[in-house]
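Remarks on the overall topology
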Amino acid sequence: MKPRTKVIAFRIILVLMGVLFVGGYFHQRSQDQQQSSSQKEPQQEQKVDSEETFTPFQEEEKEESEKSNSSVSPNQGKKLTDFYSSDDIENSKKVGEEFVRNYYPIDGKDLTKSVKNSIPYANENLKRMMESEEGMMRPTGDFFSRELKEIDVKEPSEATPDAITLNVKVKGDVKNEKGEVTDHDTTTYLLQIMKEKDSFKVVEFSENPNE
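A short tour of the structure in this document, coming up. (Residues numbered from 1 in each chain as written. Predicted model: local features only at pLDDT ≥ 70, side-chain atom pairs only at ≥ 80, totals over all residues. Heavy atoms only, no water.)

Focus: the sheet that holds strand β1 (residues 145-154)
Threshold: Strands are treated as partners if at least two bridges between them are detected by DSSP. For helices the rule is a DSSP run of H or I covering at least 4 residues; for strands it is a run of E covering at least 2, with both sets numbered from the N terminus onward. To obtain each axis, a line is fitted to C-alpha atoms, and for helices this fit is confined to the stretch in contact; angles are then taken between N-to-C directions over 0 to 180 degrees.
With antiparallel pairing, the four strands of this open sheet are ordered in space as β1-β2-β3-β4. If you trace the sheet from one side to the other, it starts and ends with β1 and β4 (199-209), each paired once. Pairs of neighbouring strands in the sheet enclose a mean axial angle of 30°, with direction left out of account. Pairing of strand β3 (residues 181-196) with β4 involves 10 bridges; the strand directions are antiparallel.

Considerations on the environment of Asn208
Basically, it comes down to this: Only protein chains enter the area calculation, which uses a 1.4 Å probe; residues under 20% of their type maximum are buried, those over 50% are exposed, and those in between are partly exposed. Two residues form a contact once any of their heavy atoms are found within 4.5 Å.
Positionally, Asn208 belongs in strand β4. Residue Asn208 is classed as partly exposed on the basis of its relative accessible area, which comes to 35%. When the C-alpha positions of Asn208 and Thr188 are compared, they lie 5.3 Å apart, and in sequence the two are 20 residues distant. With near-sequence residues (within four places) excluded, Asn208 lies in contact with Thr186, Thr187 and Thr188.

What about helix α3 (residues 86-103)?
To be explicit about the condition: Expected helix span is given by 1.5 Å per residue-to-residue step, counting one fewer step than there are residues. When we speak of the arc, we mean the arc of directions from the helix axis to the C-beta atoms.
Taking 1.5 Å of rise per residue, 18 residues should cover 26 Å, and α3 covers 26 Å from first to last C-alpha, within 8% of that figure. By the burial criterion, the buried members of α3 are Asp88, Ile89, Ser92, Lys93, Val95, Gly96, Phe99, Val100 and Tyr103. Within α3, the buried residues cover an arc of 165° as seen down the axis, which keeps them to one side. Across from the buried face of α3, at angles greater than 90 degrees, the exposed residues are Ser86, Asp87 and Lys94. For α3, the secondary structure elements touched by its buried residues are α4 (113-118), α5 (124-132), β1, β2 (164-175), β3 and β4.

Topic: the pattern of salt bridges
One side chain can pair with another of opposite charge once the charged atoms of both are near each other. Rule in force here: We define a salt bridge as a contact between a side-chain nitrogen of Lys or Arg and a carboxyl oxygen of Asp or Glu at a distance within 4 Å.
Inspection of the entire model under this criterion finds nine salt bridges. A salt bridge links Lys113 to Asp107, with the nearest nitrogen and oxygen atoms 3.0 Å apart. Beyond isolated ion pairs, a larger network of salt bridges with shared partners links Glu147, Lys149 and Lys175.

Details of the side chain of Asp185
The condition that has to hold: Nitrogen and oxygen atoms within 3.5 Å of one another constitute a polar contact, given that in protein one can donate a hydrogen and the other can accept it, and given that sequence-neighbouring residues count only through two side-chain atoms.
Of note, Asp185 is situated in strand β3. Polar side-chain contacts of Asp185 include one of 2.9 Å to the side chain of Thr187. For Asp185, the residues in contact, after removing those within four places along its chain, are Tyr104, Arg146, Val170, Lys171, Gly172, Val174 and Asn210.

Here you go:
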């Protein structure tokens, strides 16, 4: 064999060896990746299986259930008798009724009268608040005075140990300056009553007209 032919043959052998080496390297790397992937797949499947899945409808039911459980009041279904004696409840009702009986009527000739007549049934903080708002209302031609006709004291649907809460619903006649009835009124008062020393006092109230 000629020397030139030998050199060419030697170079061809080197190229073939290089190709075989590179091909073997990539083949081995591919097998390692496949093996690693096959080991991870069972773990991922196990993880997916362990997660709780819900349909959209089940998800909505779950959310509503969680909201319902979180919004349940600890005093739900409780009555005043669960926290207070019968005597305390009756005495608080009398105080609440007298407070509203004196506060509800309006006299256009003396707008401070309702406040003055009702503050004996209020505690000191409420007295100061009511006195600061004395006479703020101004009578009109059709609404010069208001006269109480009916009163109804009810216990709340949910009682709390913080204070005795009462709903007092009243109905009355609205009159003009001549004393003629111009309208009929219904107002509900929400009272909070607490015992101070030996007597009950209204500590806070709100009114909702025309309920």
